[in-house]
Every structure is written in structure tokens, then in C-alpha cells.
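# Examining the three-dimensional arrangement
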Amino acid sequence: MSDHQEQVAVKEKPAEGFVPKIVAFTCNFCAYAAADLAGSTRTEYPVNIKLIRVPCTGRVDVVHLLKAFEHGADGVYVAGCLEGNCHFAEGNYWAKRRVRYAKKILDEIGVGSRRLEMFNLSAAMFGRFVEVANIMNDRITEMGPSPLNKK
Ligand code: FES
């Protein structure tokens, strides 16, 4: 194994006690309502996930996603209504395209596309909301701090 291969094979470990900062853009009609339901049923999800309520994920622009990383997020996700159920018809499809585009940019600038994701759920799916929160928390914890946050 060459030096380069060894470097690639050895995964950088996140700092001890690293707690990622995660921002979730949540649609008012689904994911945010699901978060509310999770709270009502006392279902726990990681406290380091900061929810930003939006009227529809179609309101979330590429600039918002990239700004979240610029302002210190280690991971970001967008949670919108199920496909075909957006209250504004196509907002979640717009969001999906914007997330896909932002992922390309994140790869190009070395932040990594896996730090950004899009999910779809309904207001009743509070279990899925918690699952998604845990998926992103585990993934970003494993990945470590965003390169933009490393000194
Ligand atoms: Fe929920 Fe558009 S209203 S994603």
C-alpha cells in the first residue's frame, strides 16, 4: 500500500466529544408539525439540531443552504412534505433540485455533499422525523467538523 493509499484508508477521527451543529430547514406543514408531535409525545431527538421553520421547502434557496455552512453548521438538511403533497404544488421538487445543486457545490469546495440531505415526510410521521434527525446526527458526528469550521 502506497503512502497515498494509506492516507486515504485512514479516516480522520472526529475530535473527542464532538457535537455537530446541524441545521434543519423544516416545512411548516409537515416536518415542523412532526417535530411538534415528537415533542408532544415526549419522543427525544438530538438537541443539537436547530430547526428553521419555513412556509414550504420551496422557499429554501441554495444560498440559504450554503450560508448555513458558512455560519458554522457541520450538517444541514431540508425536510419537506411527501412528494405530491406540497401545499404549494411543487415547492418540495424545487427544494430537491436545489439540494442536489448545493451538494455539487459542497463537493467542489471540499465540504462534502454528504453533509447536506433532503427528506420527505408527513406531519403524522414524527417517528420518521426522529429517525431522520438521528441519521443526520450520526452521520455528521462520524464525519467530524465541517472543513469550514476547522481552525
Ligand atoms: Fe411542505 Fe411545500 S408545503 S414542502
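Every chain is numbered independently, its residues counted from 1 as its sequence is written. It should be noted that, the model being predicted, local features are given only for residues of pLDDT at least 70 and side-chain atom pairs only at 80 or more, the latter also being counted only at that level, while totals for whole chains, interfaces and linings use all residues. Excluding hydrogens and water, the side-chain values take into account all heavy atoms of the structure.

## Things to note about helix α2 (residues 31-40)
One turn of the α-helix equals 3.6 residues, which is why residues spaced by three or four share an orientation. Exposed residues in this analysis have more than 50% of their type's maximum accessible area, buried residues have under 20%, and partly exposed residues fall in between, with area computed by a 1.4 Å probe over protein chains only. Under the DSSP-based scheme used, a helix requires at least four consecutive residues in state H or I and a strand at least two consecutive residues in state E, with every element numbered from the N terminus. Residues of α2 that are buried: A31, A34, A35 and A38. Axial view of α2: buried residues confined to an arc of 105°, hence all on one face. Of the residues in α2, the exposed ones pointing more than 90 degrees away from the buried face are D36 and S40. Elements in contact with the buried residues of α2: β1 (22-27), β2 (49-54), β3 (75-80) and α5 (126-143). The arc in question is the one spanned by the directions pointing from the helix axis to the C-beta atoms. Contacts were defined at the residue level, with two residues in contact if any of their heavy atoms lie within 4.5 Å.

## Quick word on the nonpolar core
Membership of the largest hydrophobic core comes to 20 residues, with the highest contact counts inside it found for I49, Y77, L121 and F129. Elements with a minimum of two residues in this core: β1, α2, β3 and α5. The element best represented in this core is α5, accounting for six residues. Beyond its immediate chain neighbours, meaning those up to four positions away, F129 contacts T26, A31, A34, A35, Y45, L51 and L121. Counting 19 residues, the second-largest nonpolar core is a separate cluster that includes V60, L65, L106 and M118. Take the buried Ala, Val, Leu, Ile, Met, Phe, Trp, Tyr and Cys residues and link them wherever side-chain atoms come within 4.5 Å; each set so joined is a nonpolar core.

## Brief notes about α5
Residue count minus one, scaled by 1.5 Å, sets the expected span of a helix. Given a rise of 1.5 Å per residue, 18 residues ought to cover 26 Å, and the 26 Å separating the end C-alpha atoms of α5 matches this to within 8%. For α5, the full list of buried residues reads F129, V130, V132, A133, M136, N137, R139 and I140. Its buried side turned inward, α5 meets β1, α2, β2, β3 and β4 (116-120). Looking one or two residues past α5, G144 carries a phi angle of roughly 90°, positive in sign.

These values are about where atoms sit, not about what they do.
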